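Coordinate analysis (summary)
The residues making up each chain are set out below.
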Amino acid sequence: MPRRSLIYRFATQWQLQFMALCGILFVLTFHYAPMFGIVIAFKQADYSVNLLRSLTEAPWIGLEHFREFIDDYMFRDILLNTVGLNLLQLLINFPAPIVFAILISEVAHGRFKKIVQSISYFPHFISWIVFGGIVINMLSVESGIVVPVLQGIGLMDEPINLLGEADAFWPIIILTSLIKGLGWGSIIYLAAITTIDPTLYEAATIDGAGRFRRIWHITLPSITGTIIVFFILSVSNLLNSSFDHIWVFQTPLNLDRSEVIDTFVYKVGITQMRYSYTTAVGLFKSVVALVLLVAGHLICKRVAGRGIF
Amino acid sequence: MYQAKRVDLFTICNYTFLTLFCLLTVYPLFFVLIGSLNDGNDYMRGGVYFFPRDFSLANYNVVLQDERLYTGFKVSIGRTVLGTLTSVFFTAMVSYAMSRNNLIGRTPYYWVHLFTLFFGGGLIPYFLVLKSLALINTFWVYIIPGLFSVFNMIILNAFFREIPEEIHESATVDGAGEFRIFLLLFIPLSAPVLATVALWNAVHHWNSFFDAMIFTTKPHLMPLQLFLMKMIREADVISNSQFVPPQVQRQISVQTIRMAAIVVSTVPILLVYPFLQRFFVTGFMVGSLKG
């Protein structure tokens, strides 16, 4: 049978093409159009809200905005906070749910397990605003509970407003994201663990493997695939600080350690309407993220023998 | 899953750790609840950790009089219901087409989608695009940009590809078009994974305030979370204080009001949580694993 022409075949599957092109149209509008908007990072288009006019009419100024950002007195802090907070979260919050899932799977008591799961999933369903609001109340010097407890166990000499301490910001972010995300993050690993063939464990036990050996030689290798998939997803998301999370805990007093590119772009870009400048800052972030992604890929290849893609 | 028979040191440590973790998760909620039920001025003396010391409902009285709370509930419920339904449908539709092997241009389409996961224009150009589309300061700014998610498309796509080809074939022989097959066969067959994606969407819609903060300025578009954020960060708490009688004002404080607002906004989630939970211990695991 002769091959039908492309146009004919395309026409016969118009229903499918319509469905697929809906998606293409969407990403062209909401993902690719903003990419073209990056051009204004190299233009003097501040204070103008019409994207098309900015693109065509605004004068070119080259890398001026990038230079301005690098010269900003906050630049070093912002870069350090953005990269530091995200790397720290990757280092701590990525493996934690895996450990948590293994701990839950080791619980033999069904009822207890269910209760732990119900409770640990719950914080995922409340927003950072609500969760942050609760934590802020607990950290309050006058009426909170954290300060008296820290004093009680001797970790704090006199009452300190922890949200006003720049150095306390990173620990607050890490701890709160652990409590909020641990349970939910463990679901997928727990699901993967459930599919492991129980006879493997029986065989290992008969061969004399203790609990840690079983975890190390059976559980972990069995969920490696899932771990790698989620690692790739976290890395590709590396510099997207959770705006909500940082925003609730950010105060003028802890800016040194809490200002990240995302919050900076919001404040300067949206509230001060300096569009070109903050587009440049955002582009700077994308480039740093890309560099980190490539670096991570190379390190992975050298250390583990395989890349992250 | 295997069963541990004897109680060893590991088991003891594990149970202790998990119990402590649960207490650490539950206590903050309890802390806020009792704080909100305490007299405001008395609360500021500190030390209310386990039970309300000076029981009072004045905080709730003030919070429940705030109109912005009701607007917030309306906007949040509206965007959660409408946003979730439209997004799941739209994303599933694109995923269905992308899961068909005979789709012309499938590979290039896929790369067009995938690229957006690794690179984006950033917030400001995105804002300007929404502005050009006249979505700023409309309710639709919550719905339309969220219609489609590449990430969810990939997950649904993987699930649709697991559905046996024979089902599609026999429906085609019976004369069904692609729309009909998608609506009457694929949607019902993938209910668990659709429900999972719907849950992610709903949580996202209910909890988000960033888009509202950036893309809207009108008070009648303010979702619940933005209202809470204003209370927590900007301390514009007792806006309706002119309606609050003086004797009540003496019983409240900024902190206890915030706590009451937090409790009021968390109650709906507490109410639906048991139902959600039953669903994601069964359907969720089946659905997400295939993705």
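The structure displayed is predicted, hence computed values, not measured ones. Each chain carries its own residue numbering, running from 1 in the written order of its sequence. As they are written, the chains are lettered A onward and the ligands numbered 1 onward, keeping that order. Local features are withheld for residues below a pLDDT of 70 in this predicted model, meaning they are given only at 70 or higher, and side-chain atom pairs are given and counted only at 80 or more; totals for whole chains, interfaces and linings count all residues. Side-chain measures here rest on the full set of heavy atoms in the structure, leaving out hydrogens and waters.

**A word on the overall build of chain B**
We count a stretch as a helix when DSSP gives it H or I for four or more residues in a row; a strand needs E for two or more, and each element gets its number in order from the N terminus. Summing up its helical and strand segments, chain B has 15 helices and zero strands in all. Burial classes follow relative accessibility: with a 1.4 Å probe on protein chains only, a residue under 20% of its type's maximum area counts as buried, one over 50% as exposed, and anything between as partly exposed. Evaluated residue by residue, chain B yields a buried proportion of 52% over its 291 residues. All accessible areas in this document rest on Shrake-Rupley with a 1.4 Å probe, and a residue is counted as covered only by the protein chains that are shown. Surface accessibility of chain B: about 13400 Å² in total, with carbon and sulfur atoms responsible for 69%.

**Section: the overall build of chain A**
Broken down by element type, chain A carries 16 helices and zero strands. For chain A, the C-alpha atoms occupy an extent of roughly 85 × 75 × 40 Å along the three principal directions. Taking all 309 residues of chain A together, the buried fraction comes to 52%. In chain A, once contacts between residues fewer than 6 apart in sequence are set aside, the share between residues at least 24 apart is 63%. Taken as a whole, chain A presents about 14900 Å² of accessible surface, with 67% of it coming from carbon and sulfur. Between two residues, a contact is recorded if the distance between any of their heavy atoms is within 4.5 Å.

**Details of the pattern of salt bridges**
Take a side-chain nitrogen of Lys or Arg and a carboxyl oxygen of Asp or Glu: if they are within 4 Å of each other, that pair is a salt bridge. Applying the stated rule across the entire model yields 12 salt bridges over all chains. Its salt-bridge partner being R211 of chain A, residue E106 of chain A comes within 2.6 Å of it at the nearest N-O pair. In this pair, E106 of chain A sits in the loop between α6 (95-105) and α7 (110-121) while R211 of chain A sits in helix α12 (residues 211-236), placing the two residues 105 residues apart along the sequence. Each member of the pair, E106 of chain A together with R211 of chain A, is buried. Here R79 of chain B and D211 of chain B are joined by a salt bridge, their closest N and O atoms 2.8 Å apart. With a gap of 132 residues between them, R79 of chain B in helix α4 (residues 67-99) and D211 of chain B in helix α12 (residues 210-215) connect regions that are remote in the sequence. What you see here is one network of salt bridges that share partners, running through E106 and R211 of chain A together with D8 of chain B.

**Side note on the packing of aromatic side chains**
The aromatic pairing rule takes the rings of Phe, Tyr and Trp, using the six-membered ring of Trp, and pairs them if the centres are within 6.5 Å, calling planes under 30 degrees apart stacked, those over 60 edge-to-face and the rest tilted. Applying the stated rule across the entire model yields 45 aromatic pairs over all chains. Ring plane angle 55° and centroid distance 6.3 Å describe the contact between F26 of chain A and F90 of chain B, whose orientation is recorded as tilted. Of this pair, F26 of chain A sits in helix α2 (residues 14-37) while F90 of chain B sits in helix α4, each in a different chain. This pair shows no difference in class: F26 of chain A is buried, exactly as F90 of chain B is. Between F151 of chain B and W200 of chain B, the aromatic rings sit 6.4 Å apart at their centres with planes inclined by 45°, giving tilted as the arrangement. Remark: W200 of chain B occurs in helix α11 (residues 191-207) and F151 of chain B occurs in helix α8 (residues 150-162); sequence separation between them is 49 residues. When its relative accessible area of 35% is taken as the criterion, F151 of chain B is described as partly exposed. We classify W200 of chain B as partly exposed; its relative accessible area is 25%. One aromatic cluster is present, formed by F69, F75, F264, Y277 and F284 of chain A through successive ring pairs. A ring is considered to have a charge above it if a Lys NZ or an Arg CZ atom is located within 6 Å of its centre and within 35 degrees of its normal. Note that K43 of chain A overlies the ring of W60 of chain A, its terminal NZ or CZ placed 4.6 Å from the centroid.

**Regarding the interface of chain A and chain B**
At the junction of the two partners, chain A supplies 100 residues and chain B supplies 98 residues. A quick way to say it: buried area is the sum, across both parts, of accessible area lost when two parts are put together, with a 1.4 Å probe. Summed over both partners, the interface of chain A with chain B buries about 9100 Å², with 77% contributed by carbon and sulfur atoms. Taken as a group, M19, F30 and F125 of chain A account for 8% of the area that chain A buries against chain B, more than any other trio of residues on that side. Where chain A meets chain B, there are one salt bridge. Notably, a salt bridge pairs D8 of chain B with R211 of chain A, separated by 3.4 Å at the nearest N-O pair. Distance and chemistry together define a polar contact, namely a pair of N or O atoms within 3.5 Å, with one atom able to donate a hydrogen and the other to accept it when in protein, and with adjacent residues in sequence counting only for side-chain atoms on both sides. Summed over the shared surface of chain A and chain B, the result is 18 residue pairs in polar contact (both at pLDDT 80 or more).

**Considering unusual backbone geometry**
Within the chain, M273 of chain A stands out as a residue other than glycine whose phi angle is a positive 55°. Summarising the element assignment, M273 of chain A is placed in the loop between α15 (261-271) and α16 (275-304). Looking at M273 of chain A, the relative accessible area reads 33%, which means it is partly exposed. Phi is positive for N137 of chain B, which is not a glycine, with a value near 65°. Turning to its location among the elements, N137 of chain B is positioned in the loop between α6 (123-132) and α7 (140-143).

**Observations regarding the UniProt feature "transmembrane region" (unreviewed entry) in chain A**
All names here are of chain A. Under the local residue numbering, the UniProt record ascribes the feature "transmembrane region" (unreviewed entry) to residues 20-42, 83-104, 125-149, 169-194, 215-235 and 275-300. For residues 20-42, the end-to-end C-alpha separation is 34 Å, with 78% helix and 0% strand making up the annotated structure. Between the C-alpha atoms that bound residues 169-194 there is a distance of 37 Å. The span itself is 100% helix and 0% strand. UniProt positions are given in the numbering used here, feature names are shortened, and annotations may be inferred rather than shown by experiment.

**Overview of the packing of helix α10 (residues 178-189) of chain B against α11 of chain B**
All names here are of chain B. Lines fitted to the C-alpha atoms define the axes, with helices restricted to the stretch that makes contact. Angles between their N-to-C directions range from 0 to 180 degrees. Packing of α10 against α11 brings their axes to within 5 Å, and their N-to-C directions diverge by 75°. Taken together, the axes of α10 and α11 lie roughly perpendicular to each other. Of the residues in α11, those touching α10 at I187, P188 and L189 are A191, P192 and L194. When an angle is under 35 degrees it counts as roughly parallel; over 145 it counts as roughly antiparallel; between 65 and 115 it counts as roughly perpendicular; any other value is oblique.

**A short note on α4 of chain B**
Look at α4 of chain B: 47 Å from first C-alpha to last across 33 residues, which is about the 48 Å you get at 1.5 Å a residue. The N-capping residue of α4 of chain B, defined by a side-chain oxygen 3.0 Å from the backbone nitrogen of R68 of chain B, is D66 of chain B. What a helix is expected to span follows from its residue count: subtract one and scale by 1.5 Å.

**Points about the UniProt feature "domain: ABC transmembrane type-1" (unreviewed entry) in chain A**
As recorded in UniProt, the feature "domain: ABC transmembrane type-1" (unreviewed entry) lies at residues 79-296 of chain A. The span residues 79-296 of chain A carries 76% helix and 0% strand; its end-to-end C-alpha distance comes to 18 Å.

**What to know about the environment of L88 of chain A**
With respect to the helices, strands and loops of the structure, L88 of chain A is situated in helix α5 (residues 75-93). Put simply, L88 of chain A and I261 of chain A are 173 residues apart on the chain and 16 Å apart in space, counted from C-alpha to C-alpha.

**Thoughts on α11 of chain B**
For α11 of chain B, spanning 17 residues, the distance from its first C-alpha to its last is 24 Å, which sits close to the expected 24 Å at 1.5 Å a residue. Looking at α11 of chain B, one finds that the buried residues are V193, L194, T196, V197, L199, N201, V203, H205, W206 and N207 of chain B.

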